[in-house]
Amino acid sequence: MPQTARARTAHRPRWWAELLLLAVVYGAYSAGRLLARGDVSTAVDHGLAILRIEKAFFLNAEHPLNRLFTSTPAIGIPADFAYASLHYLVTPAVLIWIFRRRPAHYRAARTWLMLSTLLGLIGFTLLPTCPPRLLDASYGFVDTMAQYSSYGWWGAEASAPRGLGGMTNQYAAMPSLHVGWAVWCGVLLWRHGKSPLLRVLGVVYPLFTVIVVMGTANHYFLDAVAGVAVMGAGALLTAPALRAADRGWTRATDRYAFVARHARLPAPAPVDEASVTGATPVNSPVKPPIVSDGCETSPGERFPGQRTRTNSSTRTAGGTGAAADDAATAAR
């Protein structure tokens, strides 16, 4: 793993950044549910097709559970409260618990939850499904939340607060993310919980959620199965997604370091065009070359350090030194 990636996984993420990220993802998920509203008749057809498949394979447990919840308020009312609130309470609580107690596993848990939620949104878009409670009464289902709406804050439109049913998509039944999120919570409690109580809750909570969503007529059994499948797909995609995120982060930080390092280098000296091209600037006065490089000639020298030709030739002709010097002086 690159050094940058190791540094990121070794420390607990900043809580405010995580809160902002989760708020953005959940906002996009909620908006996507509203935009994914399909044709009602298509959603009803999908719901009836699921019901026929379940009856063919003897998987239709919704009818007996719904009759039990409808006829027994002591069971139906707590089940409605559980359906309307637990996924808003338990899921964030488990996420905070992982963040505080198991920070090394937090990024994987958070990424798994986000990927699975986005996969569920794709399911709502591709397969709008009418839940059992919205089917015609001849199919034998009773909307327990509408029946017991006077006991809670919800109205006759799913678990939304009374008067806000128009802000939710009631045909987003396949897959059941109530069940999917409960499975996510159960796996984390079982895997990272040290006490036997947490592990028992990790098993009981998903099973309890499956019974609640079917008994309240909000989901079919196959919706619950699809919720488990979505969480499984999200779990398989988590490791590749984390590796891709680490590689992207490493490239971004390396690029930033490269740009910052070169931005601190001194600016290069201006280039003299004349020294490069050999041309003389237009407005520059022409200066004669300095031959002597600042040296001056002494008497008897035409160039620095060089005697006259007469002096040199007299010496080479073999004349006496004094006579040759006198002759050279007279000649000058």
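Because the structure is predicted, anything quoted here is derived from the model rather than measured.

What counts, and where the lines are drawn
Residues numbered from 1 in each chain as written. Predicted model: local features only at pLDDT ≥ 70, side-chain atom pairs only at ≥ 80, totals over all residues. Heavy atoms only, no water. Helix = DSSP H or I, 4+ residues; strand = E, 2+ residues; numbered from the N terminus. Buried < 20%, exposed > 50% of the residue type's maximum accessible area, 1.4 Å probe, protein only. Contact = heavy atoms within 4.5 Å. Areas by Shrake-Rupley, 256 points an atom, 1.4 Å probe, with all protein chains shown as cover. 1 Å grid on protein atoms, 1.4 Å probe; cavity = no way out; pocket = protein on both sides within 12 Å on 5 of 7 lines; lining within 4 Å. Points joined across faces, edges and corners; volume = space filled by probe spheres on them. Nonpolar A, V, L, I, M, F, W, Y, C, P; charged D, E, K, R; others polar. Polar contact = N/O pair within 3.5 Å; in protein donor to acceptor, adjacent residues only side chain to side chain. Core = buried A, V, L, I, M, F, W, Y, C linked by side-chain atoms within 4.5 Å. Axes fitted to C-alpha atoms, helices over the stretch in contact; angles between N-to-C directions. Left-handed = near helix turned anticlockwise from the far one by under 90°. Expected span 1.5 Å × (residues − 1). Salt bridge = Lys/Arg side-chain N within 4 Å of Asp/Glu carboxyl O.

1. Overview of the overall build of the chain
Here is step 1 of the chain: A tally of helices and strands in the chain yields 13 helices and 2 strands.
Here is step 2 of the chain: Here the chain holds 332 residues, and the buried ones make up 36% of them.
Here is step 3 of the chain: In the chain, of all internal contacts separated by at least 6 residues, the share reaching a separation of at least 24 is 79%.
Here is step 4 of the chain: As displayed, the chain has an accessible area near 20100 Å², and 65% of this comes from carbon and sulfur atoms.

2. Quick word on unusual backbone geometry
Here is step 1 of the chain: Looking along the chain, the bond that leaves Met-174 and enters Pro-175 is cis, with omega of 0°.
Here is step 2 of the chain: Locating Pro-175 in the fold gives a position in the loop between helix H7 (144-147) and helix H8 (177-192).
Here is step 3 of the chain: Positive phi, normally seen in glycine, also occurs at Phe-58, with a value near 55°.
Here is step 4 of the chain: Among the structural elements, Phe-58 can be located in the loop between helix H3 (40-56) and helix H4 (62-71).
Here is step 5 of the chain: Of the residues examined, Phe-58 reaches a relative accessible area of 78% and is grouped as exposed.
Here is step 6 of the chain: Not every positive phi belongs to a glycine, and Ala-217 is a case in point at roughly 65°.

3. Considerations on empty space enclosed by the protein
Here is step 1 of the chain: Inspection of every chain in the model, using the stated rule, returns 1 cavity of 30 Å³ or more.
Here is step 2 of the chain: Each pocket or cavity is described by its volume, and for the largest cavity that value is around 60 Å³.
Here is step 3 of the chain: Taken together, Ala-82, Tyr-83, Leu-86, His-87, His-178, Tyr-205, Phe-208, Thr-209 and Val-212 make up the lining of the largest cavity.
Here is step 4 of the chain: The set of elements that each furnish at least two residues to the lining of the largest cavity consists of helix H5 (73-101) and helix H9 (196-215).
Here is step 5 of the chain: For the lining of the largest cavity, a count of residues per class yields 6 nonpolar, 3 polar and no charged.

4. Considerations on the side chain of Thr-111
Here is step 1 of the chain: Mapped onto the fold, Thr-111 is located in helix H6 (residues 106-126).
Here is step 2 of the chain: There is a polar contact of 2.7 Å between the side chain of Thr-111 and the backbone oxygen of Arg-107.
Here is step 3 of the chain: The contact partners of Thr-111, leaving out residues within four places of it in the chain, are Thr-238, Ala-241 and Leu-242.

5. Notes on the nonpolar core
Here is step 1 of the chain: Counting residues in each nonpolar core, the largest one holds 23 residues, and the members touching the most others are Tyr-29, Val-94, Ile-98, Phe-124, Leu-177, Trp-184 and Leu-188.
Here is step 2 of the chain: Elements with a contribution of two residues or more to this core: H5, H6, H8 and helix H10 (221-263).
Here is step 3 of the chain: Considering each element in turn, this core owes the most residues, 7 residues, to H8.
Here is step 4 of the chain: Excluding residues within four positions of it along the chain, Ile-98 makes contact with Pro-103, His-105, Tyr-106, Ala-109, Leu-188 and His-192.
Here is step 5 of the chain: Listed in part, the 14 residues of the second largest apolar core include Ala-79, Ala-84, Val-210 and Val-213.

6. Here's the deal with the packing of H5 against H8
Here is step 1 of the chain: The N-to-C vectors of H5 and H8 enclose an angle of 35°; their axes lie 10 Å apart at closest approach. As H5 runs across H8, the sense of the crossing is left-handed. For the pair H5 and H8, contact is made by Tyr-83, His-87, Val-90, Thr-91, Val-94, Leu-95, Trp-97 and Ile-98 and by His-178, Trp-181, Trp-184, Cys-185, Leu-188, Leu-189 and His-192, respectively.
Here is step 2 of the chain: Taken together, the residues of the contact of H5 with H8 break down into 11 nonpolar, 4 polar and no charged.

7. Focus: H3
Turn by turn, an α-helix covers 3.6 residues, leaving residues three or four places apart pointing in a common direction.
Here is step 1 of the chain: Counted at 1.5 Å a residue, the expected span for H3 with its 17 residues is 24 Å, and the 24 Å between its end C-alpha atoms agrees.
Here is step 2 of the chain: Considering only its buried residues, H3 is in contact with H4 and H10.
Here is step 3 of the chain: Of the residues flanking the end of H3, it is Phe-58, one or two places downstream, whose phi is positive at about 55°.

8. A look at the pattern of salt bridges
Here is step 1 of the chain: Applying the stated criterion across every chain yields a total of 3 salt bridges.
Here is step 2 of the chain: The closest approach of N and O atoms between Asp-246 and Arg-107, which form a salt bridge, is 3.4 Å. Here Arg-107 lies in helix H6 and Asp-246 lies in helix H10, a separation of 139 residues in the sequence.
Here is step 3 of the chain: Judged by its relative accessible area of 12%, Arg-107 falls in the buried class.

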